[in-house]
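Spelled out, the chains give:
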Amino acid sequence: DAKTTQPNSMESNEEEPVHLPCNHSTISGTDYIHWYRQLPSQGPEYVIHGLTSNVNNRMASLAIAEDRKSSTLILHRATLRDAAVYYCILRAGTALIFGKGTTLSVSS
Amino acid sequence: KAGVTQTPRYLIKTRGQQVTLSCSPISGHRSVSWYQQTPGQGLQFLFEYFSETQRNKGNFPGRFSGRQFSNSRSEMNVSTLELGDSALYLCASSLTSGPFGDTQYFGPGTRLTVL
């Protein structure tokens with residue numbers, strides 16, 4: 001499975017945008033880019049996924065580089081509830097292969 | 001629609017015992033995956049079941065096994081428990097088991113402590 005690299009931690013202030021980067025230089029043409037997050041004491045939850053084009057949903061936006069070697073998860077206005085571990089996952093099969101993720105802290 | 005439920009939520013066992021954990025997927029979902037989460041190794045994929053058949057398996061010893069019933073409910077079993085099996089065991093369900101997978105919906109997990 002192709003690997004992803006994420007910063008260990010990031011900090012943000014409430015109501016400010018947050019850009020969470022992910023590098024995946026060994027991505028193959030069929031790998032989908034998935035983002036999940038895990039809030040404290042909960043199971044992971046799906047955030048967004050994409051293949052080549054940028055994607056938007058009610059939770060976030062996903063910006064994918066043209067060469068697909070990196071992507072950025074964008075939370076448009078962070079809230080305290082967005083404090084979580086964010087996982088960037090390359091998926092070419094049914095299993096989710098999690099890395100260490102980025103721990104996002106949000107301050108009021 | 002009810003989410004993924006896991007029982008029990010907490011469990012304490014001693015070394016050498018065996019344990020069975022249960023997972024009820026979201027209604028209509030036919031794929032169930034199991035993951036182990038520990039502070040040292042993070043989240044690791046155990047196995048996936050679809051239509052009562054194991055479709056995919058992670059790199060875990062044979063002491064870890066599972067099954068899926070006709071109503072899509074799933075159980076996982078760990079035999080001869082070791083201290084290192086202490087972990088949060090997460091179950092996730094999805095509609096299907098296509099080549100690139102569907103969104104997985106996770107349950108709250110079962111916290112297993114092995115003494």
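This text follows the structure it describes.
Source: prediction; values computed, not measured.

Chemist: Just give me the short version of the side chain of His24 of chain A, but keep the residues and values in it.
Modeler: Residues and elements named next belong to chain A. Assignment of secondary structure puts His24 in the loop between β2 (18-23) and β3 (32-38). There is a polar contact of 2.8 Å between the side chain of His24 and the backbone oxygen of Arg68. Every residue in contact with His24, bar those within four places of it in the chain, is listed here: Lys3, Thr4, Ile33, Arg68, Lys69, Ser70, Ser71, Cys88 and Leu90.

Chemist: Just give me the short version of the sheet that holds strand β1 (residues 5-7) of chain B, but keep the residues and values in it.
Modeler: Residues and elements named next belong to chain B. Strand order across the open sheet formed by 4 strands is β1-β3-β8-β7, with antiparallel pairing between neighbours. What marks the edges here is a single partner per strand, and that holds for β1 and β7 (64-68). For this sheet the average axis-to-axis angle between neighbouring strands, irrespective of direction, equals 20°. Summarising the sheet, β1 and strand β3 (residues 19-24) pair through 3 bridges and their orientation is antiparallel. Paired with Thr5 across the bridge in β3 is Ser24.

Chemist: Before we move on, can you summarise the sheet that holds strand β5 (residues 55-56) of chain A with the specific residues and values?
Modeler: Pairing between the strands of a sheet is mediated by backbone hydrogen bonds and can be parallel or antiparallel. All names here are of chain A. Spatially, the 4 strands line up as an open sheet ordered β2-β7-β6-β5, and their pairing is antiparallel. Strand pairing shows two members of the sheet lacking a second neighbour, β2 and β5, which therefore form its edges. One ladder, built from 6 bridges, connects β2 with strand β7 (residues 70-75); its direction is antiparallel. Within the sheet, the bridge partner assigned to Cys22 lies in β7 and is Ser71.

Chemist: Hey, could you go over the interface of chain A and chain B for me, with residue numbers and the actual values?
Modeler: Tallying the contact residues gives 17 residues for chain A and 20 residues for chain B. Together, the buried faces of chain A and chain B total about 1,500 Å²; carbon and sulfur atoms form 54% of this surface. When the buried area of chain A at its contact with chain B is split by residue, Pro44, Thr94 and Phe98 of chain A rank highest and sum to 31% of it. The interface formed by chain A and chain B holds 0 salt bridges in total. Taken together, the connections running from chain A to chain B amount to 4 residue pairs in polar contact (both at pLDDT 80 or more). Residue assignment for the side of chain A that touches chain B shows that the elements contributing at least two residues are β3 and β8 (84-91) of chain A. Per-element tally for the side of chain A that touches chain B: the top contributor is β3 of chain A, with 3 residues.

Chemist: Help me get a handle on the pairing of strand β4 (residues 31-38) of chain B, residues and values and all.
Modeler: Residue and element names in this part refer to chain B. Extensive coverage of β4 is indicated by the burial of 8 of its 8 residues. Here β4 shows two buried faces, one formed by Ser31, Ser33, Tyr35 and Gln37 and the other by Val32, Trp34, Gln36 and Thr38. Connecting β4 to the next strand, strand β5 (residues 42-50), in antiparallel fashion are 3 residues. Across 7 bridges, β4 lies against strand β9 (residues 87-94) in antiparallel orientation. Bridge assignment links Ser31 to a residue of β9, and that residue is Ser94.

About the thresholds
- Residues numbered from 1 in each chain as written.
- Chains lettered and ligands numbered in written order.
- Predicted model: local features only at pLDDT ≥ 70, side-chain atom pairs only at ≥ 80, totals over all residues.
- Heavy atoms only, no water.
- Helix = DSSP H or I, 4+ residues; strand = E, 2+ residues; numbered from the N terminus.
- Polar contact = N/O pair within 3.5 Å; in protein donor to acceptor, adjacent residues only side chain to side chain.
- Contact = heavy atoms within 4.5 Å.
- Pairing = 2+ DSSP bridges.
- Axes fitted to C-alpha atoms, helices over the stretch in contact; angles between N-to-C directions.
- Buried area = accessible area lost by both parts, 1.4 Å probe.
- Salt bridge = Lys/Arg side-chain N within 4 Å of Asp/Glu carboxyl O.
- Buried < 20%, exposed > 50% of the residue type's maximum accessible area, 1.4 Å probe, protein only.

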